[in-house]
Amino acid sequence: MENDKFRIKVPTDGISKLTSCNSLLCFHTVFPLLMVNPITREILELPKPWIEEEDEEASACVFGFDAKMNVYKVVQLKLCFSNSSLECEVLELGTTMSWRKIQHQPSFPCPDLGDPDEHPELVFVEGSIYWLASENILCFDVAAERLKLIPEPDHQKAQCCGNYNTFLVELDKSLCLMTHGISSGMVGIWKMQKDSVNEETTWIKSYSFSARRMIHNAINPYGVENIHIKSLCMRGKKIYLKYNEGLACYDTQRQKLIAPVFSRVADNNNLGAVAYTKSIVRLQDIVGSSTLRLCTV
């Protein structure tokens with residue numbers, strides 16, 4: 001793991017989460033969204049999509065990459081109150097930089113996505129964006145611009161006793177679902193496999209290990225365990241996990257948990273972490289002569 005440090009100044013008010021896709025980072029704010037390349041030190045502000053506040057509500061806003069068209073796309077989901085359905089608007093980086101409504105799938109039965117600020121479990125994997133949605137996973141094909149629902153592995157609840165947290169993560173270019181048992185401390189990771197012929201999906205349990213040592217000393221003054229553990233990425237044979245004390249690593253070959261490999265600064269609870277691949281691709285080259293705010297810091 002490299003320890004290169006980059007300092008980028010971005011407005012911190014209203015930032016709810018941090019996501020990544022290929023070589024770009026996205027700081028999700030109330031609006032505008034901020035696209036960042038830490039290597040070139042560029043920040044791009046994206047325009048706010050039109051929301052009819054009396055008739056609809058912004059749900060989730062994410063971005064992915066369309067490999068067929070070689071373009072980044074930002075996707076805004078909107079909940080329509082009149083028929084309890086989802087609608088999508090898309091903004092392509094490098095074109096007119098304006099939002100357009102998806103017409104060939106104008107509405108979609110709305111699953112329970114929860115509070116987007118409290119449940120930022122969305123990932124971009126191999127051309128699609130995925131969200132946790134109650135008992136299912138909502139999938140958006142970035143190239144085809146279509147939504148569909150994928151069922152979660154039906155056996156994961158039975159094998160995770162008591163209360164547990166569930167997350168989505170990209171590991172080794174595959175969509176994975178991770179469960180963390182709050183009382184047991186057990187972590188289970190299921191990998192999704194697609195059938196290219198009939199487009200059905202199956203889930204294979206790939207890893208299972210105890211994370212008790214990560215939360216053994218993470219007790220707040222009220223006696224509640226610090227239980228927020230989430231997989232970030234896989235590098236070689238190692239799975240990196242984020243928890244409130246920093247970053248940990250699970251060596252799948254040695255079946256050994258190493259915690260921490262990085263510790264957060266004391267009294268600083270604003271630790272965010274995403275998997276990121278460095279690139280010298282410039283935002284200026286993507287958006288061209290766009291009149292949007294693009295600056296280098």
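Residues numbered from 1 in each chain as written. Predicted model: local features only at pLDDT ≥ 70, side-chain atom pairs only at ≥ 80, totals over all residues. Heavy atoms only, no water.

## With respect to the overall build of the protein
- Helix and strand counts for the protein come out as two helices and 22 strands.
- A buried classification covers 44% of the 297 residues belonging to the protein.
- For the protein, restricting intrachain contacts to residue pairs at least 6 apart in sequence, the fraction spanning at least 24 positions comes to 46%.
- Working note: accessible area of the protein is about 16,000 Å², and carbon and sulfur atoms make up 48% of it. (Helix = DSSP H or I, 4+ residues; strand = E, 2+ residues; numbered from the N terminus. Buried < 20%, exposed > 50% of the residue type's maximum accessible area, 1.4 Å probe, protein only. Contact = heavy atoms within 4.5 Å. Areas by Shrake-Rupley, 256 points an atom, 1.4 Å probe, with all protein chains shown as cover.)

## Some words on the environment of Ile43
- With respect to the element layout, Ile43 can be found in strand S4 (residues 42-45).
- The class for Ile43 is buried, based on a relative accessible area of 4%.

## Quick word on the nonpolar core
- Leu46, Leu77, Leu93, Trp131 and Phe140 are the most contacted members of the largest nonpolar core, which totals 37 residues.
- When residues of this core are assigned to their parent elements, the largest contribution, five residues, is made by strand S5 (residues 56-66).
- Not counting residues within four places of it along the chain, the set of residues in contact with Phe140 comprises Val75, Cys88, Val90, Ile102, Gly127, Ser128, Ile129, Trp131, Glu145, Arg146 and Leu147.
- Ranked by size, the runner-up nonpolar core spans 17 residues in total, among them Val169, Leu171, Ile189 and Ile239. (Core = buried A, V, L, I, M, F, W, Y, C linked by side-chain atoms within 4.5 Å.)

## Overview of the packing of aromatic side chains
- All told, the structure shown has three aromatic pairs when counted by the stated rule.
- With centroids separated by 6.5 Å and ring planes inclined at 35 degrees, the aromatic side chains of Phe63 and Tyr72 adopt a geometry described as tilted.
- Here a set of aromatic residues connected by ring pairs shows up, and it is made of Phe63, Phe65 and Tyr72. (Phe/Tyr/Trp six-rings, centres within 6.5 Å; stacked < 30°, edge-to-face > 60°.)

## Some points on the pairing of strand S11 (residues 128-133)
- Burial analysis of S11 places six of its six residues in the buried class, which makes it a mostly covered element.
- Across the two faces of S11 the burial is the same, with Ser128, Tyr130 and Leu132 and Ile129, Trp131 and Ala133 all buried.
- In this structure, strand S10 (residues 122-125) lies alongside S11, joined through four bridges in antiparallel fashion. Across the sheet, Leu122 pairs through a bridge with Trp131, a residue of S11.
- The antiparallel hairpin formed by S10 and S11 contains two residues in its connecting segment, where Glu126 sits at a positive phi of about 45 degrees.
- Counted along the chain from S11 to the antiparallel partner strand S12 (residues 136-141), the turn is two residues long, and its residue Ser134 has a positive phi close to 55 degrees. (Pairing = 2+ DSSP bridges.)

## Describing a negative patch on the surface
- Taken together, the side chains of Glu52, Glu53, Glu54 and Asp55 define an acidic patch exposed on the protein surface.
- Relative to the helices and strands, Asp55 resides in the loop between S4 and S5.
- By relative accessible area, which is 47% here, Asp55 ends up partly exposed. (Patch = residues over 30% accessible without salt bridge, like charges linked within 9 Å, V, L, I, M, F, W, Y side chains within 5 Å. Salt bridge = Lys/Arg side-chain N within 4 Å of Asp/Glu carboxyl O. Lys, Arg positive; Asp, Glu negative; His and termini not counted. Charge placed at Lys NZ, Arg CZ, Asp CG, Glu CD.)

## Description of the sheet that holds strand S16 (residues 186-194)
- Pairing is antiparallel in the open sheet, where four strands are placed in the order S14-S15-S16-S17. The open sheet has two edge strands with one neighbour each: strand S14 (164-171) and strand S17 (201-210). Put simply, the sheet's adjacent strands are angled 25 degrees from each other on average, direction ignored.
- Sheet topology places S14 next to strand S15 (residues 174-181); eight bridges connect them, and they run antiparallel. (Axes fitted to C-alpha atoms, helices over the stretch in contact; angles between N-to-C directions.)

## Describing the pattern of salt bridges
- One pass over the structure, following the stated rule, counts seven salt bridges.
- Across the pair Glu145 and Arg100 runs a salt bridge, and its minimum N-O distance is 2.5 Å. Here Glu145 is found in the loop between S12 and strand S13 (146-151), whereas its partner Arg100 is found in strand S8 (residues 100-101), with 45 residues between them in sequence.
- Exposure remark for Glu145: the relative accessible area of 7% places this residue in the buried category.
- Take Arg100: its relative accessible area is 32%, and that puts it in the partly exposed class.
- Each of Asp66, Lys73, Glu92, Arg100 and Glu145 takes part in one network of salt bridges that share partners.

## Remarks on the confidence of the model for the protein
- Averaged over every residue, the pLDDT of the protein is 76; the share at 70 or more is 72%.
- Low pLDDT, under 50, characterises residues 217-226; the predicted model gives this stretch 12 contacts beyond four residues in sequence or across chains. (pLDDT = per-residue confidence, 0-100.)

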